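Descriptive analysis of the structure
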Amino acid sequence: MVTLELIYEIPPMLNRVLKVFVLLFFTAQVMGIIYARFSDVKFFCWTPYDQISFYHIEVYLKDHQLTDEEIMSRYGIASKGRENRSIHNVFRLVNTVEKKRKQQNEWQPSIKIYYSVNGKALNTWVYDAE
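This structure is a prediction, so every number in the text was calculated from the model and none was measured. Throughout, a residue's number is its position along its own chain's written sequence, starting from 1. Local features in this predicted model are restricted to residues of pLDDT 70 or higher, and side-chain atom pairs are both shown and tallied only at a pLDDT of 80 or more, whereas totals for entire chains, interfaces and linings draw on every residue. Hydrogens and water are ignored here; the side-chain numbers use all heavy atoms of the structure.

Turning to the overall build of the protein, a few remarks are in order. The helix and strand tally for the protein stands at three helices and five strands. Counting helices and strands in the order they occur from the N terminus, the protein gives α-β-β-α-β-α-β-β. For each residue, the accessible area found with a 1.4 Å probe, counting protein chains only, is set against the maximum for its type, and the residue is called buried under 20%, exposed over 50%, and partly exposed in between. By residue count, 28% of the 130 residues in the protein fall in the buried class. Whether two residues touch is decided by their heavy atoms; if any such pair falls within 4.5 Å, the residues are in contact. For the protein, long-range pairs separated by at least 24 residues make up 54% of all intrachain contacts whose partners lie at least 6 apart in sequence. Starting at the N terminus, helices and strands are each numbered in turn, a helix being any DSSP run of H or I of at least four residues and a strand any DSSP run of E of at least two.

Shown next as structure tokens:
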């Protein structure tokens, strides 16, 4: 009969440190999943978020409606598109860009995002400059 012997035995102190690290790692994962279940935006989380949103962004700046190219240049996303995660990612992106532009004393635009989540009714999100 063949027996396997350990070539290297883990010191007890290192063994405890490894156990604590593994416990903390998985505790952090469980906490992230629980947090994400009640949050709009899900980053660094294993929680499934099966949501598909179609959106259309309209931006008016000083009575001028921005073109698709201008919206792409301003926000880095298409004016019409599909978001495979939460539609709140698009809202957060627009808010972040406009907050930076507000600090540079630029004109504040009027922004509406029309969106539909999972093929349901069309909703409207309006940017609040304050």
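Looking at chain direction, strand E1 (residues 53-61) and strand E3 (residues 80-83) are connected through four bridges and run antiparallel. Within the sheet, the bridge partner assigned to Tyr55 lies in E3 and is Gly81. By the bridge criterion, eight bridges tie E1 to strand E4 (residues 110-117) in an arrangement that is antiparallel. If you follow Ile57 over to E4, its bridge partner there is Ile113. Of the pairings in the sheet, the one linking E1 to strand E2 (residues 64-65) comprises two bridges and is antiparallel in character. Criterion used throughout: strands pair if DSSP finds at least two bridges between them.

Along helix H2 (residues 68-75), the positions that sit buried rather than exposed are Ile71, Arg74 and Tyr75. The arc that holds every buried residue of H2, seen down its axis, measures 75°, which confines them to one face. Facing away from the buried side of H2, by more than 90 degrees, are the exposed residues Glu69 and Ser73. Contact partners of the buried residues in H2: E1, helix H3 (88-103) and E4. With its phi angle positive at about 80°, Gly76 sits one or two positions after the end of H2. The directions considered for the arc are those from the helix axis to the C-beta atoms.

In this section: the packing of aromatic side chains. In this analysis, rings of Phe, Tyr and Trp, with Trp reduced to its six-membered ring, are considered paired at centre separations within 6.5 Å, and the interplanar angle assigns stacked below 30 degrees, edge-to-face beyond 60, and tilted for intermediate values. Scanning the entire structure with this criterion turns up four aromatic pairs. Ring centres of Phe91 and Tyr115 lie 5.3 Å apart, and the angle between their planes is 70°; on these two criteria the pair is classed as edge-to-face. Of this pair, Phe91 sits in helix H3 while Tyr115 sits in strand E4, and the two are 24 residues apart along the sequence. Each member of the pair, Phe91 together with Tyr115, is buried. Geometrically, the ring pair formed by Phe91 and Trp125 is stacked, given 4.7 Å between the ring centres and 10° between the ring planes. Of this pair, Phe91 sits in helix H3 while Trp125 sits in strand E5 (residues 123-126), and the two are 34 residues apart along the sequence. For the residue pair Phe91 and Trp125, the accessibility class agrees, reading buried in each case.

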